[in-house]
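# Secondary and tertiary structure notes
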Amino acid sequence: MNTRIVKMEEENLDEQALQEAGMLIKAGGLVAFPTETVYGLGGDALNGTSSAKIYAAKGRPSDNPLIIHIADMEALPVVVREVPQAAYMLAQRYWPGPLTMIFNRAECVPRETTGGLETVAVRMPSNKIAQALIREAGGYIAAPSANLSGRPSPTVAKYVVQDLDGRVDMIIDGGDADLGLESTIIDLTGDKPMILRPGYITEEMLREAIGQVETDQTIMDGDAKQAPKAPGMKYRHYAPKGSLVIVEGETGKRISYINEQLSLQKKAGRKTGVIATDETAGNYLADSVKSVGKRRDEEQIAKALFRILREFDDEEVQMIYAESFEKRGVGHAVMNRLLKAAGHQVVKL
Ligand code: TXA
Ligand code: MG
């Protein structure tokens, strides 16, 4: 398949290209596009064959459901059996934006889109390119992150091209994703609203809107007996090609431990990397040291993490050590992704 790559800016939409992209999706094709979180790999959510194609293009297990992206509130009751009051309250505050809600599925949503589940995930992105594309495509785009299954989610178009060139009809390059981390997922189908995936919208922010909120306790746990409720959270995920180990502990100790390990790894002939912060980056003796930004700036760290994991792959780094980060605010989501990327390999000093 020949993949067309189109560049555009949110402030300067290419209406013609968007119309063409919309037609491709309506005709059952696939288009990768930017959102404020990460790039998405889009197809017609109401066409089961399109969703099947998405799984194939990503190499994703088909029991892992897709999120339906909408651009207008009127679209919600079409794909959802019943919209609870909490959803309207959340939508008022956080839509359009990085929040996905889980509902009971309406009949018109094909099983392929929901990975066989009776529930359906819906999100209204704030990115203007995404919104325009959804409208051109008929209002309902199913889209997982636009990476090959298991790889870090793409926050820049370059990495979408790396993974999906030749597998989709079109890729829209809209520059860097603003947030760099996937949406928060909240399940509204149970007795109490429950967070299934932490993200930029924190538990605290959700509480402000609807009061009581719980978090699925299997989320941060490497060896939980129970499977997480979002099927996607059970898979090894976001992983760089090299081996990744998180090192926890007081700064001085951590630096000397990592440097000792680095020298052993180098002796063994391995190319090494470190995920550091601005405060510590100068201290490490790795082949490639990358800073996620200032330690206290969790939002900046969230934005940098996936890009850095990809850059280590570009540089063919084989052994990566990462500092651990504060689980405060969006830092909770950062640690969730980092732990998954590391396959829960953590050294506690
Ligand atoms: O920010 C985002 O959410 C990005 C952009 C493209 O919108 N999308 C994204 O999609 O991260 P994906 O497919 O990579 O992750 C969706 C997650 C998976 O873990 C999946 O299992 C979960 O959402 N999910 C989808 N539908 C669900 C459902 N009905 N019940 C429980 N979990 C669901
Ligand atoms: Mg994903």
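Time to look at the sheet that holds strand β16 (residues 346–348). The parallel open sheet is built from 5 strands, whose spatial order is β14-β13-β15-β12-β16. Whereas interior strands pair on both sides, the edge strands pair on one side only; in this sheet they are β14 (288–291) and β16. In this sheet, neighbouring strand axes are inclined to one another by 20 degrees on average, regardless of whether the strands run parallel or antiparallel. Both strand β12 (residues 243–248) and strand β15 (residues 319–323) contribute to a ladder of 5 bridges, which runs parallel. Bridge pairing in β15 places Val245 opposite Tyr321.

The environment of ligand 1 is formed by 29 residues, the closest being Thr37, Asn64, His69, Ser183 and Gly232. In this structure, an oxygen atom belonging to ligand 1 sits 2.6 Å away from a side-chain N or O atom of Ser183. Contact with the protein chains covers 98% of the free accessible surface of ligand 1, which is 680 Å². Applying the majority rule of atoms within 2 Å of the grid points places ligand 1 in the largest pocket. Counting only elements with at least two residues in the shell around ligand 1, the list comes to β4 (67–69), β6 (119–123) and β10 (194–197). Here the shell around ligand 1 gets 4 residues from one element, more than from any other, and that element is β6. Looking at side-chain class alone, the shell around ligand 1 contains 16 nonpolar, 8 polar and 5 charged residues.

Another aspect to go through is the environment of Phe103. Inspection of the secondary structure assignment puts Phe103 in strand β5 (residues 99–104). Overall, Phe103 belongs to the buried group, its relative accessible area being 1%. The spacing of Phe103 and Thr119 is 16 residues in sequence and 5.4 Å in space, taken between C-alpha atoms. When sequence neighbours within four positions are dropped, the list of residues in contact with Phe103 reads Leu76, Val80, Glu82, Pro84, Ala87, Glu118, Thr119, Val120, Val122, Leu188 and Thr189.

Moving on: the packing of helix α4 (residues 85–94) against helix α7 (residues 203–210). Angle between the axes and distance between the axes are the two parameters that describe a pair of packed helices. Direction vectors running N to C along α4 and α7 enclose 120 degrees, while the axes themselves pass 9 Å from each other. In this view, α4 runs oblique relative to α7, as classed from their interaxial angle. The hand of the α4/α7 crossing is right-handed. Along its contact with α4, which presents Ala86, Met89, Leu90, Arg93 and Tyr94, the element α7 presents Met205, Leu206, Glu208, Ala209 and Ile210. By residue class, the composition of the contact of α4 with α7 is 8 nonpolar, no polar and 2 charged.

What follows is about unusual backbone geometry. Here the amide bond leading from Trp95 into Pro96 is cis, since omega sits at -5 degrees, within 30 degrees of zero. Tracing the backbone shows Pro96 in the loop between α4 and β5. For Glu316, which is not glycine, the phi dihedral falls at a positive 55 degrees. Within the secondary structure, Glu316 is located in the loop between α9 (298–314) and β15. The backbone of His344 shows a phi angle near 65 degrees, a positive value even though the residue is not glycine. Considering the arrangement of structural elements, one finds His344 in the loop between α10 (331–341) and β16.

With that settled, the discussion passes to the pairing of β12. As defined by bridge partners, β12 adjoins β16 across 3 bridges and the pair is classed as parallel. When the sheet's bridge partners are listed, Ile246 is paired in β16 with Val346.

A separate point is the domain arrangement of the protein. When the domains of the protein are assigned, the result is domain 1 (4–215) and domain 2 (243–348). Once you take the C-alpha centre of each, domain 1 and domain 2 turn out to be 29 Å apart. Taken together, the 22 residues of domain 1 in the interface contact 17 residues of domain 2. Between domain 1 and domain 2 we count 4 salt bridges in total. Measuring nitrogen to oxygen at the nearest pair gives 2.8 Å for the salt bridge that ties Arg337 to Glu182. In this structure, the connection of domain 1 to domain 2 is made through 9 residue pairs in polar contact (both at pLDDT 80 or more).

As enumerated under the stated definition, the model contains 1 aromatic pair in all. Looking at Lys290, its charged tip hangs above the ring of Phe312, at a distance of 5.5 Å from the centre.

What counts and what doesn't
Residues numbered from 1 in each chain as written. Chains lettered and ligands numbered in written order. Predicted model: local features only at pLDDT ≥ 70, side-chain atom pairs only at ≥ 80, totals over all residues. Heavy atoms only, no water. Pairing = 2+ DSSP bridges. Helix = DSSP H or I, 4+ residues; strand = E, 2+ residues; numbered from the N terminus. Axes fitted to C-alpha atoms, helices over the stretch in contact; angles between N-to-C directions. Near = heavy atom within 4 Å. Polar contact = N/O pair within 3.5 Å; in protein donor to acceptor, adjacent residues only side chain to side chain. Areas by Shrake-Rupley, 256 points an atom, 1.4 Å probe, with all protein chains shown as cover. 1 Å grid on protein atoms, 1.4 Å probe; cavity = no way out; pocket = protein on both sides within 12 Å on 5 of 7 lines; lining within 4 Å. Sits in = over half its atoms within 2 Å of the grid points. Nonpolar A, V, L, I, M, F, W, Y, C, P; charged D, E, K, R; others polar. Buried < 20%, exposed > 50% of the residue type's maximum accessible area, 1.4 Å probe, protein only. Contact = heavy atoms within 4.5 Å. Parallel < 35°, antiparallel > 145°, perpendicular 65-115°, else oblique. Left-handed = near helix turned anticlockwise from the far one by under 90°. Domains from an automatic or database assignment. Salt bridge = Lys/Arg side-chain N within 4 Å of Asp/Glu carboxyl O. Phe/Tyr/Trp six-rings, centres within 6.5 Å; stacked < 30°, edge-to-face > 60°. Lys NZ or Arg CZ within 6 Å of the ring centre and 35° of its normal.

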